[in-house]
Every structure is written in structure tokens, then in C-alpha cells.
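# Inside the fold
Below, each chain spelled out in residue letters.
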Amino acid sequence: MAVAHQHHETPKAGTPPPFWTIARRDSLAGFLFIAPQLIGIITFVLVPLGLVFWYSLHEWNVLANTFTFTGSQNYRMVLEDTNLLEVLGATTIFSVGLVVLNLSLALLLAVLLNQKLAGIAVFRALFFSPVVVSLVAWTIVWGFLLQKNGGINGMLLMVGIEGPNWLREDVTAMISVIVVQVFKNVGLNMILFLAALQGVPKELYEAARIDGAPAFKQFRRITLPLISPTILLTSIITIVGSLQVFAQIAVLTQGGPGLSTTVLVYYLYQQAFQFDYFGYGSTLSILLFVIVAVLTFAQWQMRKRIVFYEN
Amino acid sequence: MKTDLSPRLRVALYGLMCVLLIPFVFPTWWMVTSSIKPISDIFAFPPQLIPQNYDWTTYSKVFELQPFVQQYWNSAYIAAVVTIGTMVVSSMAGYAFARIRFPYADTIFMIVLLGLLIPSEVTIVPLFQMFLKAGMVNTHWPLILVPIFGAPSVFVTFVMRQFFVTLPAELEEAARVDGLGRFKIFRKIALPLAKPALASVAIFTFLHSWNLFLEPIVFLSSADKFTLPQALTQYTDAYGGPMWNIQLAAATLTALPVLIVFIIAQKQFVEGLAHTGLKG
Amino acid sequence: MAQVTLSEIRKSYGSVNVIHGVDLQINDGEFVVLVGPSGCGKSTLLRMIAGLETITGGTLDIGGRIVNDLDPKDRDIAMVFQSYALYPHMTAATNMGFSLEHRGGSKAEIEERVNWAAGILGLEALLDRYPRQLSGGQRQRVAMGRAIVRNPQVFLFDEPLSNLDAKLRVVMRGEIKSLHQKLKTTTVYVTHDQVEAMTMADRIVVLNRGRVEQIGAPLDLYDRPANRFVAGFIGSPSMNFIEGTITAEGFATAGLTVPLPIKAQSHVGGPAILGIRPEHLRLDPAGIRAEVLLVEPMGAETQVTMLLGNTQVIGVFRERVDLSPDTVINVMPDVAAIHLFDTDGGQRLD
């Protein structure tokens, strides 16, 4: 490098440009700054992702300690696994129910909290408080409340209603796990929506009032379009999050009754770690990955059509 | 939206919010009060919203049946280490992606963002095998290393990058003229200004680690290694049914400290989250 | 104190050239202003001197050292930024002393320097405040204080007054100038405002599209602009330009004839552009017919937009003329102040 430069016009002071130019030093700094994260991602995400695909092509018998290449056999099993069909159905109901309920409740709460009312900060903190309550503690107390002779049925009985055995019947078990999860985390989306609502310029509402638009129309034509980027973002986070829900199922229903609340992550866990089917468990992991990737990609594509406004 | 409300509407809104609050607040109340009721009262009818009798021995059983202090410590120190580690790794990476021009930065950023698409549930099987080979199963290493370096930290890196992008470039240029190198600019200028963003991602990193459930039950097998979420579910009778009063007491001990911190610092929790570029 | 020499300085981003070879010699203690429209490359040039942008070609010499590949910190320069770039989390005093901290100054030494700078800038009472507690003018002064504490060889200013309101701008303009007279440090100052350039500079460098159009003392640029661009850029309101032909009788345009100085006779016959500043037109019954379009009284003077032949021109008159649109007046140019430029390159004809 230095030699090549000497053939050019040499600067007056005769100093060849140093190898460590400003740009080179900055590049080095950049690499050093990202190195821990990059190495971490390779070690704990990309290599495992490669491995999970490799495992999915094998039959892995833990007891006999055999690891045989079987090609697409696990994938054929996915297609033939009738339980899996039920699992995917439960996953869909769980995720759709969770997202719809979570986003609409979050939006409602955000609109309420956006009103000029005294003591609104206290309400905001209380609605948010389950987010900071330990997840399993929250789930345990709900499990306790939802027992056949638990607090909820006790209160229902006081007004003369005999409640179901919430966690032991198909439909109510699913409703229960959804609702418990919604109340736990809706505070996060609520705060994001609230911030978005407060980001809508006041002048727009004033202009709309001068134009004579009634409140509900202001909400539909001004508020919703302007907070649509937040709606999209929260829906992506919530959907991907719903596919990761595990503790609640494990504590409340263990996937039951039957398979009615066995979502994909729980099924994966059972197959891999309870039944030691690591090969098939890995195939289910790939399925989970594909679902997450497709959903994220689809929502990203919808950005252009649904999001009316972005800065 | 923000117009002055009529008194009747005000009352209606307060009423609506109070009703909506029930499922958010009542479970915590029920958990705390039931944990101090004698076992005979916890399923009493009509339900006792305020305990009639007290039985504090439940709390001593929490500590007798399991090494609960040890488990508490496990959860606390793991969450603390994960939080500090994630702050270091992610603020550095986020800063570099936002501020330093280096070759392939965009490509590397896309690779790192892939982590967002791959929740750790997807890779739990190979991670288990890897840690098994490394002799780290039934140690806390997986619960520390994976969150700091793996998928969970990617989100933090992304949030930090979004924050650092908004820092005025002239501030750093002034620092360069003032004689600072890259690392000092990061330490003395960028990082101090990122305090609010760091504080709120720290809160959520801590809670994420504090709440982990799948990873502990996959990786840990002896009671003295357990973390709290896992330990809570272990208070069961001979038939595997939950010992409700003890579970509730342990749950109260788990939830209350964080709740108290939250009550003291709720403004930072809530507003930090709202203003930290999570908006996209 | 140092001399700054730019030889054949070039800058390109990929295949896009933004600075096309600038040669400039800035003398020790001189106050040089780089001026030009936005996008002309003046800030890029300044940032290359600072070391914040890499230099694609040419050499940059500060105080006898080639500094092309040196970090900003090793160039012994100080810079005042457009946004001031004060560190929000440090007090005024810490902001000012920050660079010294990183050059291994002792605490007492730093304090002494900061107090010295604060004394010069009248900041003594504000040293413990944070930037958010300071007004625009005060922030500006702290930014200058940060630059002078180090006693650098060169000061660089990047549009430092553009965030201030009009009144404060005039005040700070005076302060920067008197600071320079006190310290006599070589200064390079970037602005898009030709009034700032005229009032502050020892020499002005007019830049346009990455090239130097002219270098000279403010009044030289005003009196003898080298080309049509400089003529139009320096002076406010801008110089009027009229297209026409140089004839033996004078300058012919749209049926009118404007008298010319004798020296213009050497260019007789060719098409040309005549330039005349608004302040060099006066009302004269013997002058050229012009149709009034718009009258803007400013108090001290009156600015009149009129149609001269088929060209719109502006005149600035000291007298209070009471005119209304569509009336016809007669104006006479100050013949000695007429400039002629060729039609192709816009170069000055002499």
C-alpha cells in the first residue's frame, strides 16, 4: 500500500498515508462493536437453526442412542399426524383470539386513558400492573380462580349462576388461556397505543370539528389511519408473541382437555422433551419457524395497503 | 379527542374504567389475601374478599419444602447478569449499526435481525444438545448466555439502534474535534444520552429473564438450580395436584417485590416504554 | 496560529464529484469566509479541513503539516457547529473544558482556561448551567468558548448564526468579529448569507457547484465581480442583468440605449449582458423610460420594481418617491458602476 503510493505525487512533507486511515479505523471499531452480538447470533441462533434442520432429517432414538438419516420421513409424519391438525387448529384459535381481543381491548383502554380526567395516571398504572407481575404467579392465581370451586364460580354462585369447570372443558379452557394471557400483557400494547394517540396533532381534531365531523367519525377517519403504523407493529409483536406462549398452557391446562389447548410450542415441547422424539420435535420447530416467518413477511407486505400514513 | 367532558360523561367513564380494572387488579389482591388464609378458607363459600382468619405458617412451608431462598437468588442474579450483559452487547451493537460506517453493515444488520424471526422456542432442541455437549445442562449458563447473545437481545439491539439514529450527528463530530475516539464517544457522549432508553429496555430485559419458563424446565433438573417460575409449580402434593395456599404464598413472594418497585417507579416504567422508539 | 493551504482539493461520493479541485491559501490570522448557495460544497470543504470528511484528492496543509489522513483531534483545529452541538448532559463549564480533559490537562489548568474563555465571552455567571437552561445566544457563546479554550491553530465556523433570530444574529456577528480581532486566530467561516460574508471577512471565497468562482476582499468582490454568478450573489437586492448588444452609442436593448463607460468601446458589436446594482440607479428626467410594477417603501429607502425595455429591474432610491404601479419614470444608471459580462460563460468583460 505505502509502496504503491510513492509512485504518485508525494506530498510536500513526504509522509506516506498511514495504513490505518480514519475510515479503516472506524471500520475496525464498527466490527469490534458488533462482534459480541454477531458471534452470539451465529452461535445461539444461526447454528442451532441449521442444526434443527439437520435433526429434522433424522430419526433420533435417545434410549438406543441412534441417529439415523431418514430424509423427509419426519416431514411426511407432519402431514400424517392427525394430532398435529388439532394442534394447529388450537394454535390458530388461540393466536387469532388473543390478537383480536388484545388489540381491541388495548385500543379501548388507550382511548379511555387519553381522556382529560383527574387521576388518570393511577388508572394507567393499574391497567399496566399485570405486566410486571411474575408470569407464572399470575397464571397460578388465575388457575386458582378458575377451579371448579374457585373464586370466580364462587362469585357467580352468589348471583345464582353455576359456573363451568373452566379449565376442564374444551371451549372454556381455550377461552380461559386466552383471557389470562390478554389481561397479563394488554398493558404493553395499551401504552404503545396511548403514545400513538398522543402523537396525533391536536390541530387535526380541531380542523375536523370545524368541518363538522362527529366524534366517532373523527376516530375512524383521523385517529385510526394516523395510528395504523402502531397497530401494525403491535399486531406483529402480538402474533409472534402468541406463538411463543408456553408457561400459561403448561400451568393452566397442560394442553388439555384432550388436545384442545395444545398449541404448537407446547406440542413441540412434549414431543421433544417429554417423549424424547428429538427428530420429530425438530421438524415441528421448523414448522414453527416457517409460520413465524410467513406471518411476519405477510404483515410487512400489508404495510403498504393498511398503513395509511408513515413519517 | 381531548375535549372538555360533561360531568355525566366523566362519571360514566370513571365507572367504566373501574369495572374494566377488576380483572387487572383483583387477581393480585386474591393472590395476596388467599395466601394468608388457612387452607380451610381458601375455597370457602361465599368467597372471602377479606380474610376472616389468618394462617402465617404457609409462608414458612414455602421455605421448608424447597430451597426457596436459593431459588430466589438464582432468579435474581440471573436476571441481573442478563440485564447488564444485554445492555452492554446491545447498546454497542445498536450504536455501531446506527452510527459507524463499516463494510457490509447493512447485510450484517439483516442477519442480526433474523433473530427476531427465530424465537428461542424454535431452537430449543439443538440448544439443549449444544449445552449438553458443553456440559452446561443443569447449570445457569444457558439461561444467561442465550438471552444476552441470542434472539432476545436482538430486539434490544434494534430498539437501541432506533434510539442512536436520532442522536444529532453534530454532537459526535464535536466530540471528535474535541479529541475523542470511537469508544470514548460511545462511552462519554452516546451512552449517557441514551440513559432513558437504556432504563426502559433494562426493565423489560429483566422481566423477560425473570419470567422465563420453558428454558428453565428444559435445562434445569435439580431443585437448588431452579428459578422462581419453575419453583412455583413444584409445590404439589403426592398426587401432583397443586398445594394452592403454598403456591399462592410463593407467588406472592415472587410478585410483590417487582410490584413494589413498579409502584415506586411507575412513571419511568410506563413512559419509558412509550418513548423508547418501540413505536417503530 | 497557522497558515492553511488547500491544493487541488477534491471530494467525490462514489462517482459523484462534489468538490472539483479547490486551491486556496489562507494566511496566518486571516478571517476567510466561504460563501455560496446551498449545495455549493462550502460545508463539505470546511468539514474536510476539520477532518470530518475524508479528502478524495489533493493536499491539505495546516501550519506546515500535511493533515489529509489525520484525525480531527490531531489537526489542532476547533469548530463551532450550526446546532452548536453542546453536550446536553454536561454543564457549560464541562462542555468548554471537555476537550482539555482528553488532552491530559490538569484540573487546575482546565479551570483556568475555562475561566479565561468565560471571561472573554461574558459567560462567568452561566458556567454551572446546562445547555437546556441557556438562551440561543448564550449557547452560541458557550460553543465559541469550547472552541477558544484550547487555543487552536485554526477556528472553523459552520453557519453558526443560522439558528438565531435576525436581531441576535447582528449582535453575534459583531462578537465573533471582535473575538477574532482579540485572538487573531486563523478562521474559516462558512455561511450562505452574503451580508455575513461582507461584514466579517478579510477575504471572501465564493463557491458554486464545487468550484471557486472568485476569491477577494469584500469590497473587491462588490466592485469588480469576476463573473455574472459572483455579481448576482454579492449585494442585496441582487444586481440587475439586462441582455443586449454593445454599440458605439451605448448598450442597446429592446429599443432603448443605455450609456456605457468609454472602456466598453473595445467590445463594440458583440452581444453582452449589462449588470447594474439597484443602488446605482437614480431617478433622472433625462434617463431611460421605465414602467413601474411594484413599489416597496422601506423607510430609509424605496425599492421599485420596474420594466426597463422587456427586462424586469429593481432600483433602490434614497428619496421618498411617491409612485404607483403603471406610472412611467425615468432612471439613469451610474455609468462608472456598470458591469459587462459575456453572454456565454458570464465572464467579466473589461
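### A look at the overall build of chain C
Assigned secondary structure in chain C consists of 8 helices and 19 strands. The principal-axis extent of the C-alpha atoms belonging to chain C is close to 75 × 45 × 35 Å. Looking at chain C as a whole, 53% of its 350 residues are labelled buried. With the model as given, the accessible surface of chain C reaches about 14900 Å², and the carbon-plus-sulfur share is 49%. Averaging the coordinates of the 34 positive side-chain charges in chain C and doing the same for the 40 negative ones gives two points 5 Å apart.

### Comments concerning the sheet that holds strand β17 (residues 311-317) of chain C
All names here are of chain C. Spatially, β17-β16-β15-β18 is the arrangement adopted by the 4 strands of the open sheet, whose pairing is antiparallel. Both outer strands of the open sheet, β17 and β18 (328-333), are each paired with one neighbouring strand and no more. The sheet shows a mean angle of 55 degrees between the axes of neighbouring strands, taken without regard to direction.

### A look at the pattern of salt bridges
Any two side chains of opposite charge can pair, on the condition that their charged atoms come close. In this structure the tally under the stated criterion is 14 salt bridges over all chains. One salt bridge in this structure joins B:Glu172 and B:Arg182, with 3.3 Å as the shortest N-O distance. Separated by 10 residues along the polypeptide, B:Glu172 in helix α8 (residues 169-177) and B:Arg182 in helix α9 (residues 182-193) bring together distant segments of the chain. A residue is classified by how much of its surface remains accessible, and B:Glu172, at 7% relative accessible area, is buried. Here C:Lys11 makes a salt bridge to C:Glu53, at a shortest N to O gap of 3.7 Å. Separated by 42 residues along the polypeptide, C:Lys11 in strand β1 (residues 4-13) and C:Glu53 in the loop between α1 (42-50) and β4 (57-62) bring together distant segments of the chain. This pair shows no difference in class: C:Lys11 is buried, exactly as C:Glu53 is. Salt bridges here are not isolated pairs; linked through shared partners, they connect A:Asp26, B:Arg99, B:Glu172 and B:Arg182.

### Points about the interface of chain B and chain C
The interface is formed by 15 residues belonging to chain B together with 25 residues belonging to chain C. In total, chain B and chain C occlude about 1700 Å² of area from one another, counting both sides; carbon and sulfur atoms represent 60% of this. Ranking the residues of chain B by area buried against chain C places B:Glu170, B:Val177 and B:Asp178 at the top, with a combined share of 38%. Of the charged contacts in the structure, one is a salt bridge between B:Asp178 and C:Arg150, with a shortest N-O distance of 3.5 Å. Linking chain B with chain C are 9 residue pairs in polar contact (both at pLDDT 80 or more). Within the residue set of the side of chain B that touches chain C, elements represented by two or more residues are α8 and α9 of chain B. A total of 7 residues in the side of chain B that touches chain C trace back to one element, the largest contributor, which is α8(B).

### Remarks on empty space enclosed by the protein
All names here are of chain C. The tally for this structure, following the rule as stated, stands at 5 cavities of 30 Å³ or more. Each pocket or cavity is described by its volume, and for the largest cavity that value is around 70 Å³. If you go around the largest cavity, the residues you meet are Pro261, Lys263, Ala264, His267, Ile338, His339, Leu340, Arg348, Leu349 and Asp350. Of the residues assigned to the lining of the largest cavity, the class counts are 5 nonpolar, 2 polar and 3 charged.

### A closer look at the side chain of B:Glu215
Here B:Glu215 shows up in helix α11 (residues 214-219). One buried charged side chain, B:Glu215, makes no salt bridge at all; its nearest oppositely charged neighbour is A:Lys184, positioned 14 Å away. Those residues in contact with B:Glu215 that lie beyond four places of it in its chain are B:Ser120, B:Ile124, B:Leu143 and B:Leu220.

### Looking at the confidence of the model for chain C
Averaged over chain C, the pLDDT score is 90; the fraction of residues at 70 or greater is 100%. Reported for the predicted complex are a pTM of 0.84 and an ipTM of 0.86.

### Re the interface of chain A and chain B
Counting from both sides, the interface comprises 98 residues of chain A and, opposite them, 99 residues of chain B. Per-residue buried area on chain A facing chain B is highest for A:Phe33, A:Phe44 and A:Phe144; these three make up 10% of the total on that side. Between chain A and chain B we count 1 salt bridge in total. For A:Asp26, the salt bridge is made with B:Arg182, and the minimal N-O distance between the two is 2.8 Å. Between chain A and chain B we count 7 residue pairs in polar contact (both at pLDDT 80 or more) in total. Residue composition of the side of chain A that touches chain B, by class: 72 nonpolar, 21 polar and 5 charged.

### What about the environment of A:Thr238?
Residues and elements named next belong to chain A. Among the secondary structure elements, Thr238 is positioned in helix α10 (residues 215-242). Residues Thr238 and Ile227 lie 11 residues apart in sequence; the distance between their C-alpha atoms is 16 Å. Look past the residues within four positions of Thr238 in its chain and what remains in contact with it is Val99, Asn102, Leu103 and Asn189.

### A few points about the packing of aromatic side chains
Counted according to the given criterion, the structure contains 51 aromatic pairs over all chains. Note on A:Phe246 and B:Phe213: the rings are 5.9 Å apart at their centroids and 40 degrees apart in plane angle, and the pair reads as tilted. Of this pair, A:Phe246 sits in the loop between α10 and α11 (247-252) while B:Phe213 sits in the loop between α10 (195-211) and α11, on two different chains. Geometrically, the ring pair formed by B:Tyr95 and B:Phe164 is edge-to-face, given 5.4 Å between the ring centres and 90 degrees between the ring planes. In this pair, B:Tyr95 sits in helix α3 (residues 68-99) while B:Phe164 sits in helix α7 (residues 151-165), placing the two residues 69 residues apart along the sequence. Given a relative accessible area of 0%, B:Tyr95 falls into the buried group. Classification of B:Phe164 as buried rests on a relative accessible area of 1%. One cation-aromatic arrangement involves C:Arg113 over C:Trp116; the distance from NZ or CZ to the ring centre is 4.4 Å. Sitting over the face of the ring of C:Tyr87, C:Arg146 holds its NZ or CZ atom 5.0 Å from the ring centroid.

### Quick word on the sheet that holds β4(C)
Strand pairing within a sheet occurs via backbone hydrogen bonds; the two strands may be parallel or antiparallel. Residue and element names in this part refer to chain C. One open sheet accounts for 4 strands, arranged β2-β1-β4-β5; its pairing is antiparallel. Strands with a single pairing partner mark the edges of an open sheet, and in this sheet they are β2 (16-26) and β5 (65-66). Direction of pairing for β4 relative to β5: antiparallel, over a ladder of 2 bridges. Bridge pairing links Asp61 to Ile66 in β5. Contacts from α1 reach β1, β2 and β4, with the element oriented near 115 degrees to β1.

### Overview of the domain arrangement of chain C
When the parts of a complex come together, some accessible area is lost, and that lost area is often taken as the interface size. Residues and elements named next belong to chain C. For chain C, the assigned domains read domain 1 (4-233) and domain 2 (240-341). One C-alpha centre belongs to domain 1, the other to domain 2, and the line joining them spans 39 Å. Here domain 1 packs against domain 2, burying approximately 700 Å² in sum over the two surfaces, 57% of which is carbon and sulfur. A per-residue breakdown of the area domain 1 buries against domain 2 is headed by Tyr222, Arg228 and Ala231, which together make up 74% of the total. Our count for the domain 1 to domain 2 interface comes out at 0 salt bridges. Taken together, the elements giving at least two residues each to the side of domain 1 that touches domain 2 come down to α7 (218-223) and α8 (228-233). Residue composition of the side of domain 1 that touches domain 2, grouped by class: 4 nonpolar, 2 polar and 2 charged.

### Quick word on the nonpolar core
Formed by 219 residues in total, the largest nonpolar core has its most connected members in A:Phe127, A:Phe128 and B:Phe164. Ranked by residue count, the leading element in this core is helix α4 (residues 82-113) of chain A, at 14 residues. Once you skip the residues sitting within four places of it in the chain, B:Phe164 turns out to touch B:Ser91, B:Gly94, B:Tyr95, B:Ala98, B:Arg99, B:Phe186, B:Ala190, B:Leu191 and B:Ala194. In terms of nonpolar packing, the next biggest core, distinct from the first, is built from 44 residues, C:Leu100, C:Ala143, C:Phe155 and C:Leu221 among them.

Criteria and cut-off values
Residues numbered from 1 in each chain as written. Chains lettered and ligands numbered in written order. Predicted model: local features only at pLDDT ≥ 70, side-chain atom pairs only at ≥ 80, totals over all residues. Heavy atoms only, no water. Helix = DSSP H or I, 4+ residues; strand = E, 2+ residues; numbered from the N terminus. Buried < 20%, exposed > 50% of the residue type's maximum accessible area, 1.4 Å probe, protein only. Areas by Shrake-Rupley, 256 points an atom, 1.4 Å probe, with all protein chains shown as cover. Lys, Arg positive; Asp, Glu negative; His and termini not counted. Charge placed at Lys NZ, Arg CZ, Asp CG, Glu CD. Pairing = 2+ DSSP bridges. Axes fitted to C-alpha atoms, helices over the stretch in contact; angles between N-to-C directions. Salt bridge = Lys/Arg side-chain N within 4 Å of Asp/Glu carboxyl O. Contact = heavy atoms within 4.5 Å. Buried area = accessible area lost by both parts, 1.4 Å probe. Polar contact = N/O pair within 3.5 Å; in protein donor to acceptor, adjacent residues only side chain to side chain. 1 Å grid on protein atoms, 1.4 Å probe; cavity = no way out; pocket = protein on both sides within 12 Å on 5 of 7 lines; lining within 4 Å. Points joined across faces, edges and corners; volume = space filled by probe spheres on them. Nonpolar A, V, L, I, M, F, W, Y, C, P; charged D, E, K, R; others polar. pLDDT = per-residue confidence, 0-100. Phe/Tyr/Trp six-rings, centres within 6.5 Å; stacked < 30°, edge-to-face > 60°. Lys NZ or Arg CZ within 6 Å of the ring centre and 35° of its normal. Domains from an automatic or database assignment. Core = buried A, V, L, I, M, F, W, Y, C linked by side-chain atoms within 4.5 Å.

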